[in-house]
Amino acid sequence: MTDLNDKQLLEAVRQHEAWAFEELFNRYWHPLYETAYKKLQSREDARDIVQDVWLSFWNNVETVTVDEHLGPYLFTALRNKILHFYSRNKVRLAFVTQQFSIPVYESGVPATALELKELKAVVFDEVQKMPGRMQQIYDLSRNRHLSIAEIAEHLNLAPQTVKNQLHNALERLRTRLSRYNANLIVLFVIAGVKQL
């Protein structure tokens, strides 16, 4: 381990000194990975995102500015990549969960219909495991297409309670789908589901 600070190592990396990059990598890889894992709860996703952070650092090494420590730059990049990861998956999840009350038609790819059916079964199974009130709110929102205000009035609940329950239901589905097979979600989006 060298006595050089991050700024000095960064200058050496710019001079194409592989040992300097390796030193920075060794200093920050584990803390970045641990932070990513805590947020994502997936070792594979955490590794992928940390790898993206280092790739981004390498691609922008000429423009990276640091006072003395590289940590703030790397952890900011990590935070942004995690936010992007979640926003991408929330869009996919919102699309998937809103489609299940709509008939699914064959898309011309035989395997796709079977896999879509399997994905629908996974979501159905997770909804059945939800507590009664959460399940009821999810059903009113996604299958009967009631607004939060309408659900609150129908169930005599505060709108914020409905929002919280719906948020928790979607988080449960997101967690289950990410553990099950994230590729099916992508396939669902690509398959070209038609709506009535």
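Scroll up to find the structure this text is about.
The notes below deal with the structure included here.

Attention now moves to the packing of helix α6 (residues 132-143) against helix α7 (residues 148-155). It is at 10 Å that the axes of α6 and α7 come closest, and there the two elements cross at 135 degrees. Between α6 and α7, the crossing angle belongs to the class labelled oblique. Relative to α7, α6 is oriented so that their crossing is right-handed. Together, Arg 133, Gln 136, Ile 137, Leu 140 and Ser 141 of α6 and Ile 151, His 154 and Leu 155 of α7 make up the contact between the two elements. Its residues assigned to classes, the contact of α6 with α7 shows 4 nonpolar, 3 polar and 1 charged.

Tracing the chain through its elements places Lys 129 in helix α5 (residues 110-129). Taking the C-alpha atoms as reference points, Lys 129 and Arg 172, 43 residues apart in sequence, are found 9.8 Å from one another. If near-sequence neighbours (up to four positions away) are discounted, Lys 129 is found in contact with Arg 172 and Arg 176.

On to the pattern of salt bridges, then. Tallying each qualifying case throughout the model produces 6 salt bridges. Two residues, Arg 14 and Glu 11, come together in a salt bridge whose shortest N-O distance is 2.7 Å. Placement of the pair is Arg 14 and Glu 11 together in helix α1 (residues 6-14), with a separation of 3 residues, close to one helical turn. A relative accessible area of 16% places Arg 14 in the buried class. Judged by relative accessible area, Glu 11 falls into the partly exposed class, the value being 38%. The partner of Glu 126 in a salt bridge is Arg 172, and the shortest N-O contact between them spans 3.3 Å.

Looking at the element boundaries, Ser 141 is found in helix α6. Not counting the four nearest positions on each side in its chain, Ser 141 is found in contact with Leu 146, Ile 151 and Leu 166.

Thresholds applied
- Positions within a chain are numbered from 1, following the residues in the order the chain's sequence is written.
- Given that this is a predicted model, residues contribute local features only at a pLDDT of at least 70 and side-chain atom pairs are listed and counted only at 80 or more, while totals for whole chains, interfaces and linings are drawn from all residues.
- No hydrogens and no water enter the side-chain calculation; it runs on all heavy atoms of the structure.
- Note on geometry: axes are C-alpha line fits, over the in-contact stretch for helices, and angles between N-to-C directions span 0 to 180 degrees.
- Only DSSP runs of H or I reaching four residues or more are called helices, and only runs of E reaching two or more are called strands; each is numbered from the N terminus.
- Should an angle fall under 35 degrees it is called roughly parallel, over 145 degrees roughly antiparallel, and 65 to 115 degrees roughly perpendicular, with every other angle called oblique.
- In this scheme, a crossing is called left-handed if the near helix is turned counterclockwise away from the far one by less than a right angle; it is called right-handed if the turn is clockwise.
- It only takes one pair of heavy atoms within 4.5 Å for two residues to be counted as in contact.
- Amino acid classes used here: Ala, Val, Leu, Ile, Met, Phe, Trp, Tyr, Cys and Pro are nonpolar; Asp, Glu, Lys and Arg are charged; the rest, including Gly, are polar.
- Salt bridges are counted wherever a side-chain nitrogen of Lys or Arg sits within 4 Å of a carboxyl oxygen of Asp or Glu.
- Residue exposure (1.4 Å probe, protein chains only): buried if accessible area is under 20% of the type maximum, exposed if over 50%, otherwise partly exposed.

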